[in-house]
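# Working through the structure, step by step
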Amino acid sequence: MDTIIQIFPYAIAYTIPLLIVALGGLFSERSGVVNIGLEGLMVVGGFASALTISKLQETNPGEAWVIWVGLLVAVLAGALFSLLHAFASINLNADQVISGIAINMIAGALTIFLARNLTGSGNIRVNGMDRGDVRFLSDIPIIGDLFFKNAYATTWLVLLILIVSTFIIYKTRFGLRLRACGEYPQAADAAGINVYRIRYLGVIISGAFSGLGGAIILVTYSGEFTGSVAGLGFLAIAALIFGQWKPLGILAATLFFGVATTVANVSQVIPSLAQIPPLALKLFPYVVTLIALVIFSKSSQAPKSVGVAYEKGKR
Amino acid sequence: MKKDGFISLIAILLGLIAGAILIAATGNDPIEGFTYLFQGGLQNAERIGNTLATATPLILAGLSVAFAFRTGLFNIGAAGQMLFGGFCATAVGLTLVDLPSIVIVPLMVIVGFLAGALWAFIPGLLKAKFNVHEVVSTIMMNWIAYWTIYYLVPQYFKGNTETESKNLPDSATLKMHWLSDLFGGSYINFGLFIAAIMVIVIAFIINRTVLGYELKAVGYNRSAAEYAGISVNRNVILSMMISGGLAGLAGVVQFAGNASTIQIGILPSVGFDGIAVALLGMNTPIGVFFSAIFFGLLYSGKGFMSAMTAIPPEIADVIIAIIIYFAATSVLIKKVMDYFGKKRKYRKEAVESNVGEKVK
């Protein structure tokens, strides 16, 4: 039990950015656009927030609002950058996977290029966010220890976004339209919905969330922008599929990745885990994902028209 | 196809222009930057040799991605296949050190190919039998390769530092002294010939064999191919395996040709650049060959450029990325071309009709 309480905050810290990015991917794919550029959009968010926070921290050392400004800038930068993908895949009917790859490449190269012009090494260091206990709630036994002690404020922000997103997708008019565009855009169009507009919104939301995810990594556990997020964007896409394009499924999938990765990372210092070969622990999440993909393949809940460009006159 | 080639050239031009704008925007001189960039890749025999050597794994990785593309598969896992193929070849080279070069090098090449093919067989099988999307499964395979090599190299082939394997002896690499000497001491090696041979072999397979015909048929329309009696599942698996094998070869030429050790803790970026090479080369073997050499030129020239100017070397990656974006959105270029094409045609028609009236 102590072990679990020890590693849980780390697992959560790893899960949260993955969760928000996968949620972003959910909006994009539900609208019918595959966004494999999540990785690049995360990098853009990380860069934008690193730049903002490092500049602001020079003049306002130790102030908490600086970090929130950084997160906001990351959201805007991610949304703005995702327009490149939206334009290519919605207006120009480009292959969405290729466009996404191009987004990843541009983001990775451009941010490092700009960072080098600014700092020389291409890395930008910032002072991250402090962990804190939530008052009263942290006194609850076990649950308080697991969730309310040593938690980042961004964790609560992301969980709030998760709840709001679930509500939006299933209970609002916009959510219904979003899902309709991903399932059968011709019917949505016939019903008077502007498919292009909905898809643009889907992609922009995915950009904003990915940007936020990249920035959260920066202000929580990494503390430094290095021009890469080490494949987390792709892992988020896997979590999206693993979670069967449903918000709660995504929460479960990302939590699984978070716990599995953290266990693998700390296995050497925990006696009961040290006996298992570290390689096996490292491979565990990826192998399980492959197995899960096989199991779910028969009953895939993927939006029917995801990845297919919508052309008005086409039947 | 000719039109597609023209679009690739326009994409390159637009990418270079965008790069120039970026250089200028960060307060440097674009003309000076590009001069050094191309000088760095072409100035003398050694630099040309290095450009070709840099292009070698890119050719093979590009072929790998392009081959899968022709069957409608997106092999994003070339990096993992490269790593695993390169690792297995390195393992053979380090274990069977005593064998003569003429035996061990071909063995390493074959093992590299087979290991890459094996690594791609799994996503191919999952795609064929369970319809698991190959983009996700190959990404998972990339990370499985990454961690496998991360633990196996230090355990069995630990080199001078924690993060690399032992050095392969020269007899177990693709290095050729006469070739290096010919190019002024460059690290160009036999891998270039392997790549060139594979370009011809793959072009032959795609264009001149029943296998190539079936693979393309599956790529164009799976249902129609199935209806025509072509086994889609068999072709999907086979295409992935050949694609993976080519990526494995890219690993061999990278880790036992251009370098003589294998690094842990990185997925080789060449694997991802292969996607860009394939796209720019329009998924044809010959197109892949030339686009890989162009990318090799940018990559080998960027170090010289950043040494001579204040421009960061990543400008080369930015240019490549922008080229790929323009190649992906080639519809736009096509539309513009058609627009001007039509305009010219109308003008011509107008002129001709005027001429006609005058004759009357």
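Criteria and cut-off values
- Residues numbered from 1 in each chain as written.
- Chains lettered and ligands numbered in written order.
- Predicted model: local features only at pLDDT ≥ 70, side-chain atom pairs only at ≥ 80, totals over all residues.
- Helix = DSSP H or I, 4+ residues; strand = E, 2+ residues; numbered from the N terminus.
- Rg over C-alpha atoms; globule rule 2.2 N^0.38 Å.
- Buried ≥ 20, exposed ≤ 12 C-beta atoms within 10 Å, placed from the backbone.
- Contact = placed C-beta atoms within 7 Å.
- Nonpolar A, V, L, I, M, F, W, Y, C, P; charged D, E, K, R; others polar.
- Expected span 1.5 Å × (residues − 1).
- Axes fitted to C-alpha atoms, helices over the stretch in contact; angles between N-to-C directions.
- Left-handed = near helix turned anticlockwise from the far one by under 90°.
- pLDDT = per-residue confidence, 0-100.
- Core = buried A, V, L, I, M, F, W, Y, C linked by C-beta atoms within 7 Å.
- Parallel < 35°, antiparallel > 145°, perpendicular 65-115°, else oblique.

## Considerations on the overall build of chain A
Per the secondary structure count, chain A includes 13 helices and two strands. Since a compact globule built from 315 residues should have a radius of gyration of about 20 Å, the 20 Å found for chain A is in line with a globular shape. Principal-axis analysis of the C-alpha atoms places the extent of chain A at approximately 60 × 45 × 40 Å. Across the 315 residues that make up chain A, the buried fraction comes to 51%. For chain A, restricting intrachain contacts to residue pairs at least 6 apart in sequence, the fraction spanning at least 24 positions comes to 77%.

## What to know about the environment of Leu118 of chain A
Looking at the element boundaries, Leu118 of chain A is found in helix 4 (residues 96-119). Taking the C-alpha atoms as reference, Leu118 of chain A lies 39 Å from Pro278 of chain A; in sequence the two are 160 residues apart.

## Digging into the interface of chain B and chain A
Taken together, the contact pairs 33 residues of chain B with 35 residues of chain A. Counting residues per element, the ones that place at least two in the side of chain B that touches chain A are helix 5 (101-130), helix 6 (134-156), helix 12 (269-280), helix 14 (315-328) and helix 15 (330-359) of chain B. A breakdown of the residues in the side of chain B that touches chain A according to their chemical character gives 26 nonpolar, five polar and two charged.

## Considering unusual backbone geometry
The phi dihedral of Trp245 of chain A falls on the positive side, at around 55°, and the residue is not glycine. Positioned with a positive phi, Met282 of chain B is a non-glycine residue whose angle comes to about 55°. The residue Met282 of chain B is located in the loop between helix 12 and helix 13 (285-308) in this model. What makes Met282 of chain B partly exposed here is the crowd of 19 C-beta atoms within 10 Å.

## Some thoughts on helix 11 (residues 232-258) of chain B
The end-to-end C-alpha distance of helix 11 of chain B is 37 Å, a good match for the 39 Å that 27 residues give at a rise of 1.5 Å each. In terms of burial, helix 11 of chain B is largely enclosed, as 24 of its 27 residues are buried.

## Some points on the packing of helix 5 of chain B against helix 11 of chain B
Residue and element names in this part refer to chain B. At a minimum axis distance of 6 Å, the contact between helix 5 and helix 11 shows a crossing angle of 145°. Seen along the crossing, helix 5 lies across helix 11 with a hand that is right-handed. A breakdown of the residues in the contact of helix 5 with helix 11 according to their chemical character gives 20 nonpolar, nine polar and two charged.

## Quick word on the confidence of the model for chain A
Low pLDDT marks stretches whose predicted atomic positions should not be read closely. Scored by pLDDT, chain A comes out at a mean of 85, with 93% of its residues at no less than 70. For chain A, per-element mean pLDDT is lowest for helix 5 (residues 143-148) of chain A, which scores 64, and highest for helix 9 (residues 195-222) of chain A, which scores 93.

## Considerations on the nonpolar core
Core analysis: the biggest nonpolar cluster contains 221 residues, and Ala239 of chain A together with Ile324 of chain B have the highest contact counts within it. If we skip the residues at most four places from it in the chain, Ile324 of chain B touches Ile101, Ala102 and Met105 of chain A together with Ala276, Leu279 and Leu280 of chain B.

## Overview of the packing of helix 2 (residues 30-42) of chain B against helix 3 (residues 45-70) of chain B
All names here are of chain B. Contact geometry of helix 2 with helix 3 gives a least axis separation of 5 Å together with a crossing angle of 90°. By the criterion of interaxial angle, the relationship of helix 2 to helix 3 is roughly perpendicular. Residues Gly40, Gly41 and Leu42 of helix 2 touch helix 3, and the partners they reach there are Arg47, Ile48 and Thr51. Of the residues assigned to the contact of helix 2 with helix 3, the class counts are two nonpolar, three polar and one charged.

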